[in-house]
Amino acid sequence: MTKQKWMLMASVAILGLFTACIEDEDEPTSTEITITHSSRGAFATDAALAVIGGDARADDYELITYGISGQVISIYAPYFSFNLAGQEGTVTNAILRIYAGKYNSPDALETVQFNEVTTDSEDLKTAADNNMINIDLGDGEVYGTVEISAADDDQYVEVTLNAAAIQAINSKMGMGIWSVGGSLLTAATSPDHSINEVFNFNDSPTPPDTELVLVVE
């Protein structure tokens, strides 16, 4: 092998090693962080309160509907808030982890949908039951869904949040509170007076923390 050829091969090898080092430096690193809820609870509709009584529930995030005369009445709609102040980076993946409590429904399973919340986070913590808040917790941009059944009793369920949720979370990173609301997509309307309920903690102590698990670059 000539000296010139050997030097050329060595130069190519060094260049390849240098390029690999640059690529390694440029490759973003991912970190998983878990944020526990800053507040959570449930709000009832005015119509439901007129029938069943009660008030806003702090820390008790039951999701209940009531079927009557072929219609569904939303009784309690839950929310979950997370304080993202002080967090850094760009979120690339997000999972909402909720302790399921007890399941109570004539259906074998229920589909829970999670939505954006426009109500101010302070109002979620301090407001009395409010029909408009109940509606807000069940409409708007969809962030994800999960199916829940009696098999999930006393376990965590995980909701993989979609791109819309990730965008909303990124808009709050380092800034403040991000909230999400819940509603039932599959609530039964029969038989009359049927209760469709998930996240039931009537016979339990305060449920474990709700968690937002983020992958951040």
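Computed from a prediction, not measured in an experiment: that's the story for all the values here.

What counts, and where the lines are drawn
Each chain has its residues counted from 1, running along the sequence as written. Thresholds applied to this predicted model are a pLDDT of at least 70 for local features of residues and 80 or more for the giving and counting of side-chain atom pairs; totals over whole chains, interfaces and linings are not thresholded and use all residues. Side-chain measures here rest on the full set of heavy atoms in the structure, leaving out hydrogens and waters. A pair of strands is treated as paired once DSSP finds two or more bridges between them. The helix count covers DSSP runs of H or I at least four residues long, the strand count covers runs of E at least two residues long, and both are numbered beginning at the N terminus. To obtain each axis, a line is fitted to C-alpha atoms, and for helices this fit is confined to the stretch in contact; angles are then taken between N-to-C directions over 0 to 180 degrees. Buried residues are those whose accessible area, probed at 1.4 Å on protein chains only, stays under 20% of the maximum for their type, while exposed residues exceed 50% and partly exposed ones sit between those limits. Two residues form a contact once any of their heavy atoms are found within 4.5 Å. Any two of the Phe, Tyr and Trp rings considered here, Trp counted by its six-membered ring, make a pair once their centres fall within 6.5 Å; the pair's planes then place it as stacked at under 30 degrees, edge-to-face at over 60, or tilted in between. By definition here, charges over rings are those cases where NZ of Lys or CZ of Arg is within 6 Å of the ring centre and within 35 degrees of the ring normal. pLDDT: the predictor's confidence for each residue, scored from 0 to 100.

Q: It is not clear to me how the sheet that holds strand β13 (residues 211-216) should be interpreted in this structure. Could you clarify?
A: Working definition: the strands of a sheet are paired by backbone hydrogen bonds and lie parallel or antiparallel to each other. Across the sheet, four strands lie side by side as β1-β13-β6-β10; this open sheet has antiparallel pairing. Single-partner strands in this sheet number two, and they are β1 (31-36) and β10 (156-160). On average, each strand axis in the sheet is tilted by 20° relative to the strand beside it, whichever way the strands run. As paired strands, strand β6 (residues 91-99) and β13 are joined by six bridges and run antiparallel to one another.

Q: Sorry, what's going on with unusual backbone geometry here?
A: The phi angle of most residues is negative, glycine excepted, and most peptide bonds adopt the trans form. Positive phi, close to 60°, is recorded for Asp154, a residue that is not glycine. With respect to the helices and strands, Asp154 occurs in the loop between β9 (142-149) and β10. Here Asp154 falls in the partly exposed class, since its relative accessible area comes to 36%. Non-glycine residue Phe199 carries a positive phi angle of around 60°. Checked against the element boundaries, Phe199 lands in strand β12 (residues 194-200).

Q: Explain the side chain of Asn134 here, please?
A: Here Asn134 is to be found in helix α4 (residues 131-136). With relative accessibility at 5%, the residue Asn134 sits in the buried group. Each residue touching Asn134, except ones within four places of it in the same chain, is listed here: Phe43, Ala44, Thr45, Ser74, Ile75, Tyr76 and Ala77.

Q: Could you clarify how one ought to interpret the packing of aromatic side chains in this entry?
A: For the coordinates displayed, the defined rule picks out eight aromatic pairs. Ring centres of Tyr99 and Phe201 lie 6.2 Å apart, and the angle between their planes is 25°; this geometry places the pair in the stacked category. Residue Tyr99 is located in strand β6, and its partner Phe201 is located in the loop between β12 and β13; the two are separated by 102 residues in the primary sequence. As far as burial versus exposure is concerned, Tyr99 and Phe201 are alike and both buried. Taken together, the ring pairs connect Tyr61, Phe80, Tyr99, Tyr156, Phe199 and Phe201 into an aromatic cluster. Residue placement shows Arg97 over the ring face of Tyr156; its charged tip is 4.2 Å from the ring centre.

Q: Sorry, what's going on with the confidence of the model for the chain here?
A: Across the chain, the average pLDDT comes to 81, with 72% of residues at 70 or higher. Here residues 6-10 is a poorly scored stretch, pLDDT under 50, and it has two contacts once near neighbours within four places are set aside; other chains count.

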